[in-house]
Protein chains: 2
Amino acid sequence: MKPVLILTLAFLFMTSSFTSGQTSSVVEDFKPSSVNQPGKQYPMVNSEGRVRAQISAPNANLVQLDIGGVKYDMVKDENGVWTGTSAPQDDGFHYYQLNVDGASVPDPGTKYYYGAGRWGSGIEIPAHDQEFYAYKDVPHGTVNEHIYYSKLTESFRRAFVYTPAEYRTNPGKRFPVLYLQHGSFEDETGWSSQGHVNLILDNLIAEGNAEPMIIVMENGYAYKPNPSGQGRPMSVFEDVLITEVIPMIDTEYRTLSDREYRAIAGLSMGANQTMRITMNNLDKFSHYGGFSGTSNYPSSDKIDTKTFLNGAFDNGDEVNEKLDVLWLGMGTKEGEPFPGSIGAFKEMLEKQGIEYVYYESPETGHEWQTWRRSLYQYAPLLFK
Amino acid sequence: MKPVLILTLAFLFMTSSFTSGQTSSVVEDFKPSSVNQPGKQYPMVNSEGRVRAQISAPNANLVQLDIGGVKYDMVKDENGVWTGTSAPQDDGFHYYQLNVDGASVPDPGTKYYYGAGRWGSGIEIPAHDQEFYAYKDVPHGTVNEHIYYSKLTESFRRAFVYTPAEYRTNPGKRFPVLYLQHGSFEDETGWSSQGHVNLILDNLIAEGNAEPMIIVMENGYAYKPNPSGQGRPMSVFEDVLITEVIPMIDTEYRTLSDREYRAIAGLSMGANQTMRITMNNLDKFSHYGGFSGTSNYPSSDKIDTKTFLNGAFDNGDEVNEKLDVLWLGMGTKEGEPFPGSIGAFKEMLEKQGIEYVYYESPETGHEWQTWRRSLYQYAPLLFK
């Protein structure tokens, strides 16, 4: 039986590779991904949203394309070049990697992005609505890398600060400010890189659909020094933002510093953080945006407004008065605990008579296309 | 004889691996590289400047550390983790990669940099003089990503613009401008990433050793559209810089726009380009810095000033009058054609009685430590 078994396994293996990589149903209209390194043809994307990766690894035993939680076996040609094709992916940006004989590595064909806790490969599946973050011949703002020393964390920290085109051309004018946060295992680079914050705002502003605004993107991880190394590190992000970053931005940039001109938003972990920060500091913020997250995460239990966030939502009228915009959004393909926890939060808002805006990004999951669209929906509502 | 031969080869192979990877003379004081990804322990660097890389690749046959033009075989442990150690490297920043069964890939432990024609791994060998680009609690300038549409190339282009801290805090003041170029197979990101332009200037300015200045870092590759696809693409970088970038910067930033307040410098290919641009546009530039390159590259022949750059150096007195600073530098470990071509250029300058400053970076090659030091030497001489 043994030889038969081996042959059967070999056949299954080949069939399986064939199925995941090269089925006859694949539409052969692949083009290089828009976020490839200069001059690189691979990875490619087709009109179905499939990703085709390729790498030369003449002496490898097994190379896989690892995307969307699935590993696709790649196939080696006579020159030692491996090629593999994924199932269709959702519109927008995805992190992924290659696996070469057990080594999980970035694809040398792509530019690199910080997310999922590492700098690694990204790919862009062209979305039907990609025009809202396209490069257009409109006035472009700049994204400024801003280094500062934080006394609270006793470390150098970095924010990226978007200033609109008019900030350069109209030096007498002051601007409102949006503080915009990334998610867990991401950092301060996300929004201005894979998030396209600058292109989204440049386009909205040029169309007259958003107020020119400054956008500050900080790193949501900030810890008190812990020289003993004992216990869990204590997050001081709220203190860093409120007592260090906001005063610095208001001093060094031409801001409108009244609360009515200060908004905040964040995605996932950033939504959770910024909701807490907003409700703890209603004297400082007038607009809140929660992209794919709320502070009751990950619970989908009914919210008790007496205790939740120290009773911050218990007086609905006061919240309505303080918050010009309370905005929530998520993707239709997001899995639990997001629909459950955001749903429970919405129920609480409705019970309390608190006004809010709710948006669903069609056919996207807990990924950047949902958050790009969320910003595109949220920004026009600010500072009106 | 065959088995003996095979055993001998195997022995030689093992010995060779042993020698390059784990010799008894290696000083075991390795520390994580300063440019690792957050939380990553490897790669490490020791006090001799050796690099030790590590990667999990349980099913690989051969993994190599590829740095400084040498491939070092790595050794696999019982858990499938490969470790390898290089010979001592020069001080400063180096590009490198790993090779897994023939696949040349970035090391997933490091941050990524554009150079050598790809985004890939970098490592930092701590230099004895690293204080000049260290993070210090001094006022920090910002590095601004500036997108614009170029009519000449019919494409969106990007510059990075350093503005000194005083640009934010002293809004009535205008500043001189240095245009600073990268080398071949690099791009506009190099100087503000691995080049540390912002930290070098922040520190020099804080010490009172350089004038606060704006620094514009453009992409030196710019081509006229070539719809036919026939023939070589035609570089229009000089036109882009002179007719598009400089007017844009002088319009949108608070610059001092007289020629006496405009300097230029570049490294390697950028030195070659900027020397031509300077000599073609002496009405626009008053300071020139050539880091590891001159426009007679790669020739080391005696320069005929009647013909070289259309006779631009033929009248030495005129050059002395026009250029406040003509600065040349290179590393002592640079190989040909750099010493030869720069040497021939210096001989020409001396023959013509043209004043220049010459700097040699000790014990560094055609790499970023030479260029960081060159900027550190050049910037204090500007706009005096």
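> Explain the relation of the copies chain B and chain A residue by residue, including any values.
For these two chain copies, the linking operation is a rotation about an axis paired with a shift along it. Of the transformation placing chain B onto chain A, the axial shift is 0.0 Å and the rotation is 180°, giving an RMSD of 0.0 Å. Expressed as an axis order, the relation between the two copies is that of a two-fold axis. Closest approach to the rotation axis within chain B is made by the C-alpha atom of B:Asn144, at a distance of 2.0 Å. When the interface residues of chain B are mapped onto chain A, 100% of them again fall at the interface, so both copies present the same face.

> Give a detailed account of the sheet that holds strand β3 (residues 51-56) of chain B, specifying residues and quantitative values.
A sheet is described by the order of its strands in space; here five strands give the open sequence β1-β2-β3-β7-β6 (chain B), paired in antiparallel fashion. Of all the strands in the sheet, just β1 (31-32) and β6 (75-76) of chain B have a single pairing partner and so form its edges.

> Could you give an account of helix α3 (residues 197-206) of chain A, with specific residues and numbers?
Residue and element names in this part refer to chain A. For α3, the tally of buried residues reaches eight of 10 residues, placing the bulk of the element in the interior. For α3, the set of buried residues is Val 197, Asn 198, Leu 199, Ile 200, Leu 201, Asp 202, Asn 203 and Leu 204. Positive phi appears at Gly 208, one or two residues downstream of α3, with a value of about 75°.

> Could you give an account of the sheet that holds strand β2 (residues 44-45) of chain A, with specific residues and numbers?
Residue and element names in this part refer to chain A. Pairing is antiparallel in the open sheet, where five strands are placed in the order β1-β2-β3-β7-β6. The open sheet is flanked by β1 (31-32) and β6 (75-76), the only strands paired with a single partner. Here β1 runs beside β2; their pairing, made up of two bridges, is antiparallel. For Lys 31, the partnering residue across the bridge sits in β2 and is Val 45.

> Explain unusual backbone geometry residue by residue, including any values.
Residue A:Pro298 follows A:Tyr297 across a cis peptide bond; omega there is 0°. Here the amide bond leading from B:Glu336 into B:Pro337 is cis, since omega sits at 10°, within 30 degrees of zero. Topologically, B:Pro337 is positioned in the loop between β18 (325-331) and α7 (338-352). The backbone phi angle of A:Asp101 is positive, close to 50°, even though this residue is not glycine. Locating A:Asp101 in the fold gives a position in the loop between β8 (92-100) and β9 (103-105). By relative accessible area, A:Asp101 is classed as buried at 1%. Backbone geometry at B:Phe185 places phi at a positive 60°, although glycine is not the residue there. Mapping B:Phe185 onto the fold places it in the loop between β14 (177-181) and α3 (197-206). Using a relative accessible area of 55% as the deciding quantity, one classes B:Phe185 as exposed.

> Could you give an account of the domain arrangement of chain A, naming the residues involved and the relevant values?
All names here are of chain A. Each domain of chain A was delimited in the assignment, giving domain 1 (26-126) and domain 2 (131-381). One C-alpha centre belongs to domain 1, the other to domain 2, and the line joining them spans 31 Å. Facing the 13 residues of domain 1 at the interface are 16 residues of domain 2. When domain 1 packs against domain 2, the two sides together hide about 1100 Å² of surface, and 45% of this comes from carbon and sulfur. Of all residues in domain 1, Asp 90, Phe 93 and Tyr 114 bury the most surface against domain 2, accounting for 42% of the area lost on that side. Inspection of the domain 1/domain 2 interface yields two salt bridges. Ionic pairing is found between Lys 333 and Asp 90, a salt bridge with its closest N-O pair at 2.5 Å. At the junction of domain 1 and domain 2, the tally comes to nine residue pairs in polar contact (both at pLDDT 80 or more).

> Please provide a residue-by-residue account of the packing of aromatic side chains, values included.
All names here are of chain A. Under the criterion given, the structure shown has 42 aromatic pairs over all chains. Centre to centre, the rings of Phe 291 and Trp 327 are 5.3 Å apart; their planes meet at 75°, and the pair counts as edge-to-face. Within this pair, whereas Phe 291 is found in strand β17 (residues 287-291), its partner Trp 327 is found in strand β18 (residues 325-331), the two being separated by 36 residues in sequence. On the accessibility criterion, Trp 327 (1% relative accessible area) is buried. Feature note: the residues Trp 191, Phe 291, Trp 327, Tyr 359, Trp 368, Trp 371 and Tyr 378 constitute an aromatic cluster, connected by ring pairs. Taking the ring centre of Tyr 133 as reference, the NZ or CZ of Arg 372 above it sits at 4.6 Å.

> Talk me through the packing of α3(A) against helix α8 (residues 368-378) of chain A; I want residue IDs and the actual numbers.
Residue and element names in this part refer to chain A. Between α3 and α8, the least distance of the axes is 10 Å, while the angle of their chain directions is 30°. Taken together, the axis directions place α3 and α8 in an arrangement best described as roughly parallel. In the packing of α3 onto α8, the handedness of the crossing is right-handed. In contact with Val 197, Ile 200, Leu 201 and Leu 204 of α3, α8 contributes Arg 372, Leu 375 and Tyr 376. Broken down by class, the residue content of the contact of α3 with α8 amounts to six nonpolar, no polar and one charged.

Cut-off values and rules
Residues numbered from 1 in each chain as written. Chains lettered and ligands numbered in written order. Predicted model: local features only at pLDDT ≥ 70, side-chain atom pairs only at ≥ 80, totals over all residues. Heavy atoms only, no water. Least-squares fit on C-alpha atoms with pLDDT ≥ 70 in both. Contact = heavy atoms within 4.5 Å. Pairing = 2+ DSSP bridges. Helix = DSSP H or I, 4+ residues; strand = E, 2+ residues; numbered from the N terminus. Buried < 20%, exposed > 50% of the residue type's maximum accessible area, 1.4 Å probe, protein only. Domains from an automatic or database assignment. Buried area = accessible area lost by both parts, 1.4 Å probe. Salt bridge = Lys/Arg side-chain N within 4 Å of Asp/Glu carboxyl O. Polar contact = N/O pair within 3.5 Å; in protein donor to acceptor, adjacent residues only side chain to side chain. Phe/Tyr/Trp six-rings, centres within 6.5 Å; stacked < 30°, edge-to-face > 60°. Lys NZ or Arg CZ within 6 Å of the ring centre and 35° of its normal. Axes fitted to C-alpha atoms, helices over the stretch in contact; angles between N-to-C directions. Parallel < 35°, antiparallel > 145°, perpendicular 65-115°, else oblique. Left-handed = near helix turned anticlockwise from the far one by under 90°. Nonpolar A, V, L, I, M, F, W, Y, C, P; charged D, E, K, R; others polar.

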